[in-house]
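Notes for the structure review
Okay, here's what each chain looks like letter by letter:
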Amino acid sequence: MFSINLMPNILINTCVLGVMYILTSLGFAFIFNMLSSINLAHGALYMIAAYACYYISMLFGASNWVAMIISAVILAAVGLVLERFMFRLFFNDFDKIIMVGVAIMTILQTAATIASGTKTLVITSYATGSTIIGKISISNEKLLTFGIGLVLLLASLYLVNRTALGRQMQAVSQDRLGAALQGININKVSALICAIGCALAAIAGCLMGAYQGLSSTMGDTMNLRILMLVMLAGAGSMNGILITGIVMGFLDSLFPVIIQGNAASAAAIAIVVVLLLIKPKGFFGHEM
Amino acid sequence: MSNILEIKDITVMYGKSVAIHDISLNVPEGKIVTMVGANGAGKSTTLKALAGIVPVTQGSICFRGEELVGQSTQEIVRKGIVLVPEGRHLFPHLSVYKNLQLGATLRTDKIGIQEDLEYIYDLFPKLKERRKQKAGTLSGGEQQMLAIARGIMASPKLLCLDEPSLGLAPVVIEQLGQSINDINKTRGVSILLVEQNVHLAFGVADYCYAMSVGAMVAQGDVDCISSTDAVRKAYFGG
Ligand SMILES: Nc1ncnc2c1ncn2[C@@H]1O[C@H](COP(=O)(O)OP(=O)(O)OP(=O)(O)O)[C@@H](O)[C@H]1O
Ligand SMILES: [Mg+2]
């Protein structure tokens with residue numbers, strides 16, 4: 001049952017989940033805005049990155065930090081391949097993009113299921129112990145997950161708003177012909193942004209794989225969050241995603257405490273659906 | 001006098017239909033050349049072919065001695081041809097300043113970029129005032145100024161303007177003409193101007209071409225051409 005004593009914990013979980021949701025959603029949103037493509041495989045990429053991290057560290061005895069970085073690099077390369085052979089090839093072909101997305105999702109999920117069998121895998125913790133802040137004890141795992149997520153988030157904001165690549169990405173999102181006429185190499189910008197977006201999802205996957213454990217369906221759970229975040233924020237809004245991410249994180253932290261079992265997740269989704277009915281185009285304006 | 005641009009007998013197809021055929025056109029170094037013609041004549045298509053936006057099926061485009069056909073838009077911009085397209089194609093959710101920065105995408109000379117920015121703010125003081133405002137919220141006239149200004153930020157040798165007067169009030173068109181002249185005279189930029197507004201076009205241009213249904217039908221100095229049949233029919237009601 002809910003008691004006010006649980007509030008600090010709920011807020012801490014909100015921060016951790018919120019930041020992870022946002023981090024994963026950013027790549028999806030970049031691709032959505034810049035390439036007008038819905039990447040249904042984004043959640044699966046997040047999932048497979050976590051598995052890659054686990055197996056790299058297990059098979060090669062690498063520390064899970066090293067494994068995380070290798071996994072992110074691999075997923076960045078996957079991003080490059082997807083841009084070249086999916087988004088560029090099927091540009092403006094909604095049906096094909098969706099079909100290929102579902103195909104990739106299915107393949108990755110099957111691969112993960114085959115690899116792990118019935119075992120429950122967990123990436124070993126990046127940090128152990130806990131830190132006492134004020135009267136509250138927070139596990140270092142959560143602090144670290146939040147901290148890394150926050151740093152990457154700030155870096156992403158900097159990238160989008162302050163760098164030439166980010167500016168060019170926004171230009172491509174807002175007017176492709178206009179962007180081409182400025183001499184922007186649209187394919188190159190798209191490829192780089194895809195790589196970065198996939199790497200961000202990978203890192204989130206590696207962190208969540210330690211925080212919540214691995215499962216071949218963790219990508220589906222995340223996919224749903226991504227879609228809700230981006231829809232709630234509205235197309236082309238990055239600041240919006242920051243806020244909807246925190247809201248989503250809060251719902252996912254609060255409901256499991258006050259509602260039993262699967263109903264918690266359903267309740268969170270129900271709220272999002274209601275919000276979308278109120279504002280089908282999302283709550284935030286275009287600024288990306 | 002040497003030509004900065006020589007277009008020779010180019011043909012452009014959209015699918016199986018011919019949009020323009022055997023178009024030839026020269027722009028002398030440092031001059032303003034205008035291209036007029038009715039709707040659908042193929043003026044924008046000619047400019048898009050020049051900018052590498054649509055592929056050229058036949059013919060050659062020679063810019064300062066180099067062949068452009070087959071080159072990417074990026075390479076063409078780098079060589080110094082900039083197109084300010086019909087409909088402006090600004091980045092509506094970005095500030096005026098960022099739009100201008102994007103105009104200078106391929107440049108690395110920080111000092112030159114800063115100088116050009118100052119020149120633009122001088123030429124269009126409104127843009128300086130509104131540099132933090134989103135481009136999409138500017139008035140039509142201001143948006144056109146920004147589109148041209150963004151073009152100048154690329155430091156072009158040849159600036160191509162596609163119907164800059166579209167939707168502007170007469171007094172704004174007047175200013176536009178002065179700005180085009182200024183860009184040409186003080187910066188030495190050659191200009192290829194596509195216009196429906198013949199008063200603007202003939203007011204600033206040194207030389208004129210007239211297009212009709214995908215072909216070049218007349219050319220000459222502004223004084224002579226305004227009296228040719230083709231142009232009279234298209235613009236002065238016969
Ligand atoms: N993307 C396209 N696909 C097919 N046909 C096109 C395309 N763009 C232009 N056309 C056709 O090519 C011809 C020339 O068009 P273009 O836009 O060059 O004319 P224009 O002289 O610029 O006209 P306007 O003064 O109305 O801008 C027209 O018949 C037009 O319908
Ligand atoms: Mg036109």
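A quick note: this is a predicted structure, and the numbers were derived from the prediction, not measured.

1. Concerning the overall build of chain A
Summing up its helical and strand segments, chain A has 11 helices and two strands in all. Order of helices (α) and strands (β) in chain A, N terminus to C terminus: α-α-α-α-β-β-α-α-α-α-α-α-α. Taken against the 2.2 N^0.38 rule, which gives 19 Å for 288 residues, the C-alpha radius of gyration of chain A at 19 Å falls within 12% of a compact globule. Reported as C-alpha extents along the three principal axes, the dimensions of chain A are approximately 60 × 50 × 35 Å. Counting over 288 residues, chain A shows a buried share of 53%. In chain A, of all internal contacts separated by at least 6 residues, the share reaching a separation of at least 24 is 76%.

2. So, the interface of chain B and chain A
Interfaces are often sized by the amount of accessible area the parts lose when they come together. Tallying the contact residues gives 21 residues for chain B and 18 residues for chain A. A buried area of about 1,800 Å², summed over both sides, lies between chain B and chain A, and 61% of it is on carbon and sulfur atoms. Summed over the three residues of chain B that lose the most area to chain A, namely Phe91, His93 and Leu102 of chain B, the buried surface amounts to 27% of that side. Inspection of the region where chain B meets chain A yields eight residue pairs in polar contact (both at pLDDT 80 or more).

3. Looking at the coordination of the magnesium ion (ligand 2)
Distances from the magnesium ion (ligand 2) to its protein donors, namely Ser44 of chain B (OG), Glu86 of chain B (OE) and Glu86 of chain B (OE), fall within the range 1.9 to 2.7 Å. In this pair, Ser44 of chain B sits in helix 1 (residues 43-50) while Glu86 of chain B sits in the loop between strand 6 (81-84) and helix 3 (96-103), placing the two residues 42 residues apart along the sequence.

4. Focus on the nonpolar core
In this structure, Phe30, Phe87, Ile123, Tyr126, Met169 and Leu214 of chain A are the most contacted members of the largest nonpolar core, which totals 95 residues. Looking at this core element by element, the count peaks at 16 residues for helix 8 (residues 186-211) of chain A. Once residues lying within four places of it in the same chain are set aside, the contact partners of Leu214 of chain A are Ala50, Tyr51, Tyr54, Leu121, Val122, Ile123 and Gly209 of chain A. In terms of nonpolar packing, the next biggest core, distinct from the first, is built from 47 residues, Tyr119, Ile180, Val198 and Ala205 of chain B among them.

5. Concerning the site of ligand 1
Residue and element names in this part refer to chain B. As a matter of local geometry, ligand 1 sits amid 13 residues, with Lys43, Ser44, Thr45, Glu86 and Gln196 nearest to it. Taking Asn39, its side chain carries an N or O atom lying 2.8 Å from an oxygen atom of ligand 1. Between Lys43 and ligand 1, the recorded distance is 2.7 Å, taken from a side-chain N or O atom to an oxygen atom. For ligand 1, whose free accessible area comes to 630 Å², the fraction covered by protein is 60%. The dominant element in the shell around ligand 1, judged by the number of residues it contributes, is helix 1, at three residues. Residues that form the shell around ligand 1 fall into these classes: four nonpolar, six polar and three charged.

6. A few points about the packing of helix 3 (residues 64-87) of chain A against helix 8 of chain A
All names here are of chain A. Where helix 3 meets helix 8, the axes come as close as 7 Å, and the angle between the chain directions of the two elements is 140°. Classified by the interaxial angle, the pair formed by helix 3 and helix 8 is oblique. When the axes of helix 3 and helix 8 are compared, the crossing they make is right-handed. Seen from helix 3, the contacting residues are Met68, Ser71, Ala72, Leu75, Ala76, Gly79, Leu80, Glu83 and Phe87; seen from helix 8, they are Asn187, Ser190, Ala191, Cys194, Ala195, Cys198, Ala199, Ala202, Ile203, Cys206 and Leu207. In the contact of helix 3 with helix 8, the residues fall into 15 nonpolar, four polar and one charged.

7. With respect to the domain arrangement of chain B
Residues and elements named next belong to chain B. Looking at chain B, the domain boundaries give domain 1 (3-80 + 156-235) and domain 2 (91-145). Distance from the C-alpha centre of domain 1 to the C-alpha centre of domain 2: 24 Å. Between domain 1 and domain 2, the contact holds 13 residues from the first and nine residues from the second. Interface of domain 1 and domain 2: buried area, both sides summed, is about 860 Å²; carbon and sulfur atoms make up 66% of it. One can count one salt bridge joining domain 1 with domain 2. Residue Arg187 pairs with Asp116 through a salt bridge whose shortest N-O separation is 2.9 Å. Our count for the contact surface shared by domain 1 and domain 2 stands at two residue pairs in polar contact (both at pLDDT 80 or more). When residues of the side of domain 1 that touches domain 2 are traced back to their parent elements, those giving at least two are helix 2 (73-79) and helix 7 (170-187). The element contributing the most residues to the side of domain 1 that touches domain 2 is helix 7, with eight residues. The residue inventory of the side of domain 1 that touches domain 2, partitioned by class, reads six nonpolar, four polar and three charged.

8. Here's the deal with unusual backbone geometry
Phi is positive for Ser36 of chain A, which is not a glycine, with a value near 45°. Of note, Ser36 of chain A is situated in the loop between helix 1 (7-35) and helix 2 (42-59). Given the relative accessible area of 46%, Ser36 of chain A is considered partly exposed. The phi dihedral of His89 of chain B is positive, around 50°, even though this residue is not glycine. With respect to the element layout, His89 of chain B can be found in the loop between strand 6 and helix 3.

9. Remarks on the pattern of salt bridges
Residue and element names in this part refer to chain B. Under the definition given, this model contains eight salt bridges over all chains. A salt bridge links Glu66 to Lys79; the nearest nitrogen and oxygen atoms lie 3.9 Å apart. You can see Glu66 sitting in strand 5 (residues 66-67) and its partner Lys79 sitting in helix 2, a full 13 residues away along the chain. The residue Glu142 makes a salt bridge to Arg130 at a minimum N-O spacing of 3.3 Å. With Glu142 in helix 6 (residues 140-152) and Arg130 in the loop between helix 5 (125-129) and helix 6, the pair connects residues that are 12 residues apart, well separated along the chain. Taken together, the shared-partner salt bridges connect Arg107, Asp109, Asp116 and Arg187 into one network.

10. What to know about the packing of aromatic side chains
Going through the model one piece at a time under the given rule, you end up with four aromatic pairs over all chains. Their ring planes at 15° and their centres at 6.4 Å tell us that Phe28 of chain A and Phe32 of chain A sit as a pair that is stacked. Placement of the pair is Phe28 of chain A and Phe32 of chain A together in helix 1, with a separation of four residues, close to one helical turn. Taking 5.4 Å as the distance between ring centres and 65° as the angle between the ring planes, the aromatic pair formed by Tyr207 of chain B and Tyr209 of chain B counts as edge-to-face. Owing to a relative accessible area of 25%, Tyr207 of chain B belongs among the partly exposed residues under this scheme.

Rules used throughout
Residues numbered from 1 in each chain as written. Chains lettered and ligands numbered in written order. Predicted model: local features only at pLDDT ≥ 70, side-chain atom pairs only at ≥ 80, totals over all residues. Heavy atoms only, no water. Helix = DSSP H or I, 4+ residues; strand = E, 2+ residues; numbered from the N terminus. Rg over C-alpha atoms; globule rule 2.2 N^0.38 Å. Buried < 20%, exposed > 50% of the residue type's maximum accessible area, 1.4 Å probe, protein only. Contact = heavy atoms within 4.5 Å. Buried area = accessible area lost by both parts, 1.4 Å probe. Polar contact = N/O pair within 3.5 Å; in protein donor to acceptor, adjacent residues only side chain to side chain. Donors = N, O, S within 2.8 Å, 3.2 Å for Na, K, Ca; no water. Core = buried A, V, L, I, M, F, W, Y, C linked by side-chain atoms within 4.5 Å. Near = heavy atom within 4 Å. Areas by Shrake-Rupley, 256 points an atom, 1.4 Å probe, with all protein chains shown as cover. Nonpolar A, V, L, I, M, F, W, Y, C, P; charged D, E, K, R; others polar. Axes fitted to C-alpha atoms, helices over the stretch in contact; angles between N-to-C directions. Parallel < 35°, antiparallel > 145°, perpendicular 65-115°, else oblique. Left-handed = near helix turned anticlockwise from the far one by under 90°. Domains from an automatic or database assignment. Salt bridge = Lys/Arg side-chain N within 4 Å of Asp/Glu carboxyl O. Phe/Tyr/Trp six-rings, centres within 6.5 Å; stacked < 30°, edge-to-face > 60°.

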